[in-house]
Each structure stands twice: as C-alpha cells, then as structure tokens.
Amino acid sequence: MSRVSYYESEGPWSNYEKRLLCMDTGSWRTQRPIVDEEKCIYCGNCALYCPVQIMVDMKTYFSPNLDFCKGCGVCARECPKKAITMEPEDKFK
Amino acid sequence: MSINPTDKVQVKVITGNAAAAIAVTLCRPDVIAAYPITPQSEIIERLSEFHSQGIVDAEMINVEGENSAMNAVTAASIAGGRVFTASSSWGLAFMYDAVLAAAGTRAPVVMVNVNREPPGIMAVSSGQQDMISTRDAGWIYLVAEDSQEILDMVIMAYRLAEDYEIQLPVMVHYDGFYLSFMAERVEIPTERSVDDYLSVLKEQPQRPTLIPGKPLGVVTHGLLEGYIELRHKHCTALERAKQKFDSITVDFNQQFDRSYAGQVETYRSDDADVVLVGCGSMCGTIKSVIDQKRKEGIKIGLVRLRMYRPFPAEKLTEVLKGKKVIGVVDRSLCFGFKGGPIYTEIRSLYPELGGARMLSFIDGLANMDITTAHIEQIIDTCLSASNGASCNDVTWVCYEG
C-alpha cells in the first residue's frame, strides 16, 4: 500500500505559507452567528471569547469566519449589545 | 552569577533534588513552570532560589497546578524554548492529558518525576507506580540510580530530547524519599563543559517554532491517515532514541569523564547464570549483595535499565540471552496481569532469550526498604530455581516472605 503523507515535518505542525492543516470545524455547525454591523460597538468581546478564534477584525465590527465557526454561540452570549444572533444553519442551505 | 563559576569540577554533598536543580541550571533553560509536591518540592525551591539570585536566567511561571505547568512548558517548547518542569505521583496524574499532549506535539520537554506511589491509596512514600501508570504516554523515560546520575541524566535528557532526529519529551525518574532527600557526593561540572556538550544541538536544523505573526498549525489536524502517519513517525523516533541514547552517553562519558552504560547497564553479569533485573536506587543494594555473593563463589549479576521507554528490547536480549534464571525486581505492580510491569515486559522477550526461567519479585512498595536481606532472599529463590526446584512465578517479597 502506498503511504499518504500530510506532514513534511516530524510532528503535527503545518506551515501557513505552504498548507495550513486544520480540522473542518465549520462542518460541525448547526447554528450560525449573524452579526448586526449597526449594533456592533467593536468592543471585541466576541473575538476574545471565541474558543476557535474565528472572529475576524473588520476594523469597525467583527465577522465570523464560517470556514471554521463551530456554531457554539459563545459570541452571541457574550455580546453586550446583543448584536449577534444565532440562526439555524438549515436556513442557509 | 553562576552555579559553578570556576574552571574546575566542584564536589559537593547534596541531595538528589539539588542535583536535579543544579543540572537544569547548567543547561540554561528559557522557561520553568512547576507546582510543588512532595518529594519533588526541593527542586522548585532551589530553582526559585537560583532564579532570585540571578543564576537561572529563565522565565519562572508560578502555576496553579501541574496541568497548567505541563501545558505552559509544552507551549514554550513549541515556541522554541528550552523548558523544564518537575512533578511526582498525584501531580503527574493531574497533568496526564498534558503529558500526552507534550508527546503528541513532539515538544522536547524535559521533566523530572520523583517517583512516589500514585493516587488510589494515600501514600506519601516511594514507589515507581507513577512512572508505570504513564509509561504509554509516548515519552522517553530514563531512570537514575544515584544523585550523580540524576545530575548527569538531566543534562543528557536535554541532549536527547532536543536532538533533531528525536524531538520527543524526556522524563528523568528517580526514587522519591531515597534519592530525592539523601545527600551524597556529587561532582558539579563546569558551565563551559555543559555548554560544550549541548552545543551539538545548535548545529542541527532548527525545529519548527511558533513565532508571532507566522502562524503554525499545531495539533490542528490529525484525521485518518494523518493521525496514523504521526503515530508511525512518533514510534519510529522512539526506536531511534535507543541508539541515540547510547551515542550521547558515549559523548557524555568523554566530555565529563564518566563510565555510564547506555540503555542498559550490566554488573558482573557476563559469566553469571542467574541475573537480576531492576532499575533505580534498589540497584545499589543489589550490587553490594552481588559483590558479597561473588566472594562466596556464587556467579550472579545485575542488569539495570537506565532507559525504560523506549523499552531496550534488543540490548536486553543481548545481555540476557542464554541466562538460566532471570529474576526481575519491580517496585510497582501490573494490575490485572500476573507479575511486575518490567517482569511482564522481560517475559515478552522469552523466545529471544532462549527459554530462561523468569521470576517476578515485587518489593519496596510504599517506602518499604528493599534491604540486603530481601535481595539475598530473592537470589536464594533464583538459585534454587536454577537447580530445578519449583517456585512461584511471582513473589511479593514484603508480604509473602
């Protein structure tokens, strides 16, 4: 059998400049955070609390990177302005 | 300030814990994170003292528990630092997931574990069960016999862990209460000689390091074939570590004028029909009993494991092949499997060893001394087995007599 090689190095490390190996955590999501850019006060709470650190700094508000967002809802819970709502993922299919 | 500012080897009477702390200091670590626990605390106390005096130029992280300690040093190691932590027993148990992660991320963490009986029965006492309980974590395990070897083995541990061909965490074990607190003569090498010994690492390719602004995927993916690939690489590196340990020991002996064996030490076992196998401080007692028995004309010897993981199967086969009786003394248990842990592993070499009679002796649990009388009794049992007498495979020396 031929061996598939994912890693150039010894350990479970991957270089972002070549190919960053990450789990497809976005596929786990059953609900999606929707950010109301008008309500967002750019406090950064969502980015700090996000366990997978996917909140992207858009300079006036934060927006989730849906490739990796697992849909846990911590951001919506922590938002002091309730600017983030969790919507069922089915709606976007 | 320096731990040994002179150009000469210093001789001091110090405890095993002090020897460990001095060895770490000589290796110039970048990050130290640890939580105190008996019988390890003195290492951390000494390092804190050296740190406050400016002798250790490292980041000392006071953590809230052992789990954090191991995670902190693993992360620092991935960021390229030389790191150190130490624990024992309950502390080792509390950091178990982080111990697995250090091995999985291939972080060359160097740690000292001062052997003590683990959680289960409250016993603040010596025993190697904590080491046995974590033996499958994927680390390299070394076991020291005396204070001098503790100091030397910690220095060798850095050379082994950080070697580009290895890149695995190394745990140096020694018997708590016996070696940790007992003061004996220790030679402290000069800083320059230790720098020289470790300088080989600087000539090697740089391992991947996590640098701010340059993201590195670390344990972010390991599904299916990727997982198998990493495990295969890990096991192959462990196999490489056996030879590597032998060769860095040769280098060490040259640099510091010592005479250590590599993975396995043999003591008067070449012409012996009956050989005992053990590791740690008990071996000093065994050696003195062997000397006595040799005077009486009884040909017995000892094989001591200096490396426990990876298991030095090839070396053990080499030195134990053709022996009539092999008596393995374990300071720990193998729950649900008859015999001590090292015994059961030596028994796995039964076909290679040509059918030796193998006997298991469990002794020294919970600080029960492995006395010369115990060793004599063990040797007598082995000798009668070699004369064809029937005897039990497993003997709990303190309990069954």
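Residues numbered from 1 in each chain as written. Chains lettered and ligands numbered in written order. Predicted model: local features only at pLDDT ≥ 70, side-chain atom pairs only at ≥ 80, totals over all residues. Heavy atoms only, no water.

J.: Any details on the side chain of His-374 of chain B? Residues and values, ideally.
T.: Residue and element names in this part refer to chain B. Mapped onto the elements, His-374 comes out in helix H13 (residues 372-386). The exposure class assigned to His-374 is buried, which follows from its relative accessible area of 16%. Residues in contact with His-374, not counting those within four places in the same chain, are Asp-363, Asp-369, Val-397 and Cys-398. (Helix = DSSP H or I, 4+ residues; strand = E, 2+ residues; numbered from the N terminus. Buried < 20%, exposed > 50% of the residue type's maximum accessible area, 1.4 Å probe, protein only. Contact = heavy atoms within 4.5 Å.)

J.: So what about helix H10 (residues 282-295) of chain B? Which residues, and what values?
T.: Residues and elements named next belong to chain B. Look at H10: 21 Å from first C-alpha to last across 14 residues, which is about the 20 Å you get at 1.5 Å a residue. Within H10, burial applies to Met-282, Cys-283, Ile-286, Lys-287, Val-289, Ile-290, Lys-293 and Arg-294. On its buried side, H10 packs onto strand S7 (170-175), strand S10 (264-267), strand S11 (274-278), strand S12 (300-305), strand S14 (325-330) and H13. Once H10 finishes, Gly-297 follows within two positions and takes phi at roughly 85°, a positive value. (Expected span 1.5 Å × (residues − 1).)

J.: So what's going on with a nonpolar patch on the surface? Residues and values would help.
T.: Judged by side-chain polarity, Met-23 and Trp-28 of chain A together with Leu-223 and Leu-224 of chain B come together as a nonpolar surface patch covering roughly 420 Å² of accessible area. Assignment of secondary structure puts Leu-223 of chain B in the loop between strand S9 (216-218) and helix H9 (224-256). (Patch = residues over 30% accessible without salt bridge, like charges linked within 9 Å, V, L, I, M, F, W, Y side chains within 5 Å. Areas by Shrake-Rupley, 256 points an atom, 1.4 Å probe, with all protein chains shown as cover. Salt bridge = Lys/Arg side-chain N within 4 Å of Asp/Glu carboxyl O.)

J.: Lay out the packing of helix H7 (residues 147-161) of chain B against H9 of chain B in plain terms, naming residues and giving numbers.
T.: All names here are of chain B. Two elements in contact, H7 and H9, have axes separated by 10 Å at closest approach and are oriented at 125°. Here H7 is positioned oblique relative to H9, judged by the angle of their axes. Relative to H9, H7 is oriented so that their crossing is right-handed. For the pair formed by H7 and H9, the contact residues are Asp-152, Ile-155, Met-156, Arg-159 and Leu-160 on the first element and Ala-241, Lys-244, Phe-245, Ile-248, Thr-249, Asp-251 and Phe-252 on the second. In terms of residue class, the contact of H7 with H9 is made up of seven nonpolar, one polar and four charged. (Axes fitted to C-alpha atoms, helices over the stretch in contact; angles between N-to-C directions. Parallel < 35°, antiparallel > 145°, perpendicular 65-115°, else oblique. Left-handed = near helix turned anticlockwise from the far one by under 90°. Nonpolar A, V, L, I, M, F, W, Y, C, P; charged D, E, K, R; others polar.)

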